2 protein chains.
Amino acid sequence: MDIDAIHKALANPVRREILQALKTPKQYFSDQVHPLEFGVCAGLIDRHLALSQSTVSAHLAVLQKADLISSYKVGQWSLFKRNEATIAAFLEQLQQGL
Amino acid sequence: MDIDAIHKALANPVRREILQALKTPKQYFSDQVHPLEFGVCAGLIDRHLALSQSTVSAHLAVLQKADLISSYKVGQWSLFKRNEATIAAFLEQLQQGL
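None of the values given here were measured: they were computed from a predicted structure.

Draft legend 1. Expanded view of the packing of helix 1 (residues 3–10) of chain B against helix 6 (residues 84–97) of chain B. Residue and element names in this part refer to chain B. Interaxial distance between helix 1 and helix 6 falls to 12 Å at its minimum, and their mutual angle equals 100 degrees. Of the possible angle classes, the one that applies to helix 1 and helix 6 is roughly perpendicular. Residues Ile3, Ile6, His7 and Leu10 of helix 1 touch helix 6, and the partners they reach there are Thr86, Phe90, Gln93 and Leu94. Residues of the contact of helix 1 with helix 6, tallied by class, amount to 5 nonpolar, 3 polar and no charged.

Draft legend 2. Structural detail: the relation of the copies chain B and chain A. Its rotation angle being 180 degrees, the transformation that places chain B on chain A also includes 0.0 Å of axial translation and leaves an RMSD of 0.0 Å. Taken together, the rotation and translation describe the operation of a two-fold axis. Looking at the rotation axis and the C-alpha trace of chain B, the residue lying nearest is His7 of chain B, at 2.5 Å. Here 100% of the contact residues of chain B are again contact residues in chain A; the copies associate through an equivalent surface.

Draft legend 3. Structural detail: the confidence of the model for chain A. Across chain A, pLDDT averages 95, with 100% of residues at or above 70. Ranking the helices and strands of chain A by mean pLDDT puts helix 1 (residues 3–10) of chain A first, with 98, and helix 3 (residues 25–28) of chain A last, with 93.

Calculation rules
- Residues numbered from 1 in each chain as written.
- Chains lettered and ligands numbered in written order.
- Predicted model: local features only at pLDDT ≥ 70, side-chain atom pairs only at ≥ 80, totals over all residues.
- Heavy atoms only, no water.
- Axes fitted to C-alpha atoms, helices over the stretch in contact; angles between N-to-C directions.
- Helix = DSSP H or I, 4+ residues; strand = E, 2+ residues; numbered from the N terminus.
- Parallel < 35°, antiparallel > 145°, perpendicular 65-115°, else oblique.
- Contact = heavy atoms within 4.5 Å.
- Nonpolar A, V, L, I, M, F, W, Y, C, P; charged D, E, K, R; others polar.
- Least-squares fit on C-alpha atoms with pLDDT ≥ 70 in both.
- pLDDT = per-residue confidence, 0-100.

Put into structure tokens, the structure is as follows:
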């Protein structure tokens, strides 16, 4: 777990909002064709945030590098979901170590 | 509470170590002349970390800007202590919001 990378990733309101939206995908992305268990399509995240594809793509890359989310390829689509194990381990570490 | 600034401050191992050391000041700084309740002298933090005054000073400034620590002036000395209220509020916010 790269604590520095996780804090850097979380030091941005848009990236925190992405993690929030992916926490309850049914609430925001219920119209997705692919099952939400595989993750949420980047395009739907763009729409939810009302931000451009390139902006959201950059934020997703930072979150993925920090291992806070992972991606799953279905045909031409990339689906993104939270890495709950990393998030839980990070929170545990912070609760103990801060 | 500036969540962005707090995450940026925490995205560095030296700054996390400073916060750790200030958590149990008696363990590391028991030879300080001023009462530890007022905080720990920057010079003793430099010595504990084996880092230069200017390096530690820059890290302390980042922590202070994020409101994770506060300083108290005694004559020519600056004493630093944790802002437990901010740290607790941040942990609470993260536990709920992440």
